[in-house]
Amino acid sequence: MKEKISFYRPAAAAFLVIMAMALTSSTISFFLEPVCEALQISRGSFSVIFSLMSVSGALSNPFVGQYAGKKGVRGILLLTGLWTGICMILLSMATRLWMLYAVSFAMGLFGSTCLTLCGNVIVQQNYLSAQASGILGAVMAGTGVGGMFFSLVIPELIEMFGWRTGMRAMGIIWMTFVWLGMLLLGKQTTLRSGEGNGAVGLGMTREEAMKDPKLYLQMVVIVIISACCGLQQQLPSLLGAKGFTTGQVSVMISAMTVFLALGKFGQGLLYGKIGVKKGGILTMAAFGAGCLAMFSKALIWPGLLLLAVGMGIYTTLLPMVIRRVFGSREYAAIWALVSTVGCAGTIVGYPLWGAIYDLTGSYAAGLIGAAVLLAVAILAHVKTLKNIR
């Protein structure tokens, strides 16, 4: 029994950490309309905060990755719990657009990008390659579980007490979940011995990976995926534009977070069963189909399910591809490098989704463009994993 507890303890810790990530990846979308109304700004202007968080996250991510590879993630979790929690509280005090932007930039330094890296590193440093796919899928389902829970709580707080109180509550929740994960993790931050790409010391160094064309193909994939994931922040607005009521939209967003949780868990099992190459093709195709399904009100529910599958790619498929191709020798540093470049997709994509609506009055152009880009991502994915299962 003690061995089982010891085995699953890192996974449970990572799960709590990833649950907190849902606060900035999905729950914050509920602040779009009240903040825009309170500060008299456009949706495109609000969406810029995601780009600012991505820019600052990109600046700090390489250093965080290097530190995590050498010292583990406990110190990072201690810092990000405090730093980002306080930033959320400060964000609730913003009365001008520049204040919103300044605090968002600061928050991104040790925000969701940091937690994604920590969650991945905890799994990759504690489990062999054969175990990691299923466990990573279960851990990353934490964003769906967290999103489901927070999407029921935060909107109610916003409606009852206003968006400023809701934002302060998010800061406290963030600190609680991140620090609980840190305490549960303990000192288990060393890679287990084994064979294959998951074994200690096997794989490329960061410098060797930077000379491999496959690394840059993966950068193309991650930029596209992160840009397309910007649609998640606009879903409440998109669904509202389709004629659904606020209550119906809330139910749909809550349901999608369930789909996200189940989808990520299922993806982990899928990649373990048929491999990351075929699994990646299927999930990226599902993402593209989900975008196109958003054109029809009759296909909204299957569309949300497909989108949930696709939006799980960033935190499930892509980390597994990096480990499969480059090994675990300097996984933290290589993943930090790739995910840093991936921030470019967020920097451009998130405000672009909002700008498309502001300029055209609909999301049609964005949905079509996303489907085309995802076809390109599939081609790059196949090329990366040529001769690899």
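None of the values given here were measured: they were computed from a predicted structure. (Residues numbered from 1 in each chain as written. Predicted model: local features only at pLDDT ≥ 70, side-chain atom pairs only at ≥ 80, totals over all residues. Heavy atoms only, no water.)

Participant: How should the overall build of the chain be read in this particular structure?
Facilitator: Along its length, the chain carries 18 helices and zero strands. Radius of gyration (C-alpha) of the chain: 19 Å, near the 21 Å computed for a compact globule of 389 residues. Within the chain, buried positions represent 57% of all 389 residues. Contacts in the chain between residues at least 24 apart in sequence constitute 83% of all its contacts with a sequence separation of at least 6. Within the chain, the 11 negative side-chain charges are centred at a point lying 7 Å from the centre of the 27 positive side-chain charges. (Helix = DSSP H or I, 4+ residues; strand = E, 2+ residues; numbered from the N terminus. Rg over C-alpha atoms; globule rule 2.2 N^0.38 Å. Buried < 20%, exposed > 50% of the residue type's maximum accessible area, 1.4 Å probe, protein only. Contact = heavy atoms within 4.5 Å. Lys, Arg positive; Asp, Glu negative; His and termini not counted. Charge placed at Lys NZ, Arg CZ, Asp CG, Glu CD.)

Participant: What am I meant to see in the environment of Ile-222 here?
Facilitator: On the secondary structure map, Ile-222 appears in helix H11 (residues 213-228). You can call Ile-222 buried: its relative accessible area is 0%. It is 13 Å that separates the C-alpha atoms of Ile-222 and Ile-334, two residues lying 112 residues apart in sequence. Setting aside anything within four residues of it in sequence, one finds Ile-222 in contact with Tyr-314, Leu-318, Trp-335, Val-338, Ser-339 and Gly-342.

Participant: Would you mind going over the packing of H11 against helix H18 (residues 364-384) with me for this structure?
Facilitator: In a packed pair of helices, the relevant descriptors are the angle between the two axes and the axis-to-axis distance. As a packed pair, H11 and H18 sit with axes 9 Å apart at the nearest point and diverge in direction by 155°. In terms of orientation, H11 and H18 fall into the roughly antiparallel class. As for how H11 packs across H18, the hand of that crossing is left-handed. Contact residues: H11 offers Lys-214, Leu-217, Gln-218, Val-220, Val-221, Ile-224, Ile-225 and Cys-228, while H18 offers Ala-370, Leu-373, Leu-374, Val-376, Ala-377, Ala-380, His-381, Lys-383 and Thr-384. Counted by class, the contact of H11 with H18 contains twelve nonpolar, three polar and two charged residues. (Axes fitted to C-alpha atoms, helices over the stretch in contact; angles between N-to-C directions. Parallel < 35°, antiparallel > 145°, perpendicular 65-115°, else oblique. Left-handed = near helix turned anticlockwise from the far one by under 90°. Nonpolar A, V, L, I, M, F, W, Y, C, P; charged D, E, K, R; others polar.)

Participant: Would you mind showing me how to read the layout of surface pockets here?
Facilitator: Taken as a whole, the largest pocket encloses approximately 540 Å³ of empty space. Residue assignment for the lining of the largest pocket shows that the elements contributing at least two residues are helix H2 (32-39), helix H8 (142-161), helix H12 (231-241) and helix H13 (246-274). Residue composition of the lining of the largest pocket, grouped by class: ten nonpolar, ten polar and four charged. (1 Å grid on protein atoms, 1.4 Å probe; cavity = no way out; pocket = protein on both sides within 12 Å on 5 of 7 lines; lining within 4 Å. Points joined across faces, edges and corners; volume = space filled by probe spheres on them.)

Participant: Sorry if this is basic, but what is going on with the nonpolar core here?
Facilitator: Burial of nonpolar side chains together is a common tendency in soluble globular proteins. Phe-31, Phe-46, Ile-225, Leu-231, Phe-287 and Leu-307 are the most contacted members of the largest nonpolar core, which has 118 residues in total. The dominant element in this core, judged by the number of residues it contributes, is helix H1 (residues 2-25), at eleven residues. Beyond its immediate stretch of four places on either side in the chain, Ile-225 contacts Met-284, Phe-287, Ile-313, Tyr-314 and Leu-374. (Core = buried A, V, L, I, M, F, W, Y, C linked by side-chain atoms within 4.5 Å.)

Participant: How should I be thinking about the packing of helix H6 (residues 112-126) against helix H17 (residues 331-360) in this particular structure?
Facilitator: Interaxial distance between H6 and H17 falls to 11 Å at its minimum, and their mutual angle equals 150°. When the axis of H6 is compared with that of H17, the two are roughly antiparallel. You can see that H6 and H17 cross each other, and the crossing is right-handed. Between H6 and H17, the residues in contact are Thr-113, Leu-117, Asn-120, Val-121 and Gln-124 and Tyr-331, Ala-332, Trp-335, Ala-336 and Cys-343, respectively. Grouping the amino acids of the contact of H6 with H17 by side-chain chemistry returns seven nonpolar, three polar and no charged.

Participant: Whenever I open this one, empty space enclosed by the protein confuses me. Can you help?
Facilitator: Empty space among the atoms can be located by rolling a probe the size of a water molecule over them. Taken as a whole and judged by the stated rule, the model has two cavities of 30 Å³ or more. Taken as a whole, the largest cavity spans an internal volume of roughly 540 Å³. Taken together, 27 residues line the largest cavity, and the ones lying closest to its centre are Met-21, Ser-25, Ser-112, Thr-346 and Tyr-350. Counting only elements with at least two residues in the lining of the largest cavity, the list comes to H1, helix H3 (43-71), helix H5 (97-108), H6, H12, H13 and H17. Broken down by element, the residue count for the lining of the largest cavity peaks at four residues, all from H17. The residue makeup of the lining of the largest cavity, split by class, is ten nonpolar, 16 polar and one charged. There is about 60 Å³ of room inside the second largest cavity. Taken together, Ser-26, Ser-29, Gln-232, Leu-235, Pro-236, Ile-253, Met-256, Thr-257 and Leu-260 form the lining of the second largest cavity. Examining the composition of the lining of the second largest cavity, we find that four residues originate from one element, H13, more than from any other. Here the residues of the lining of the second largest cavity sort into five nonpolar, four polar and no charged.

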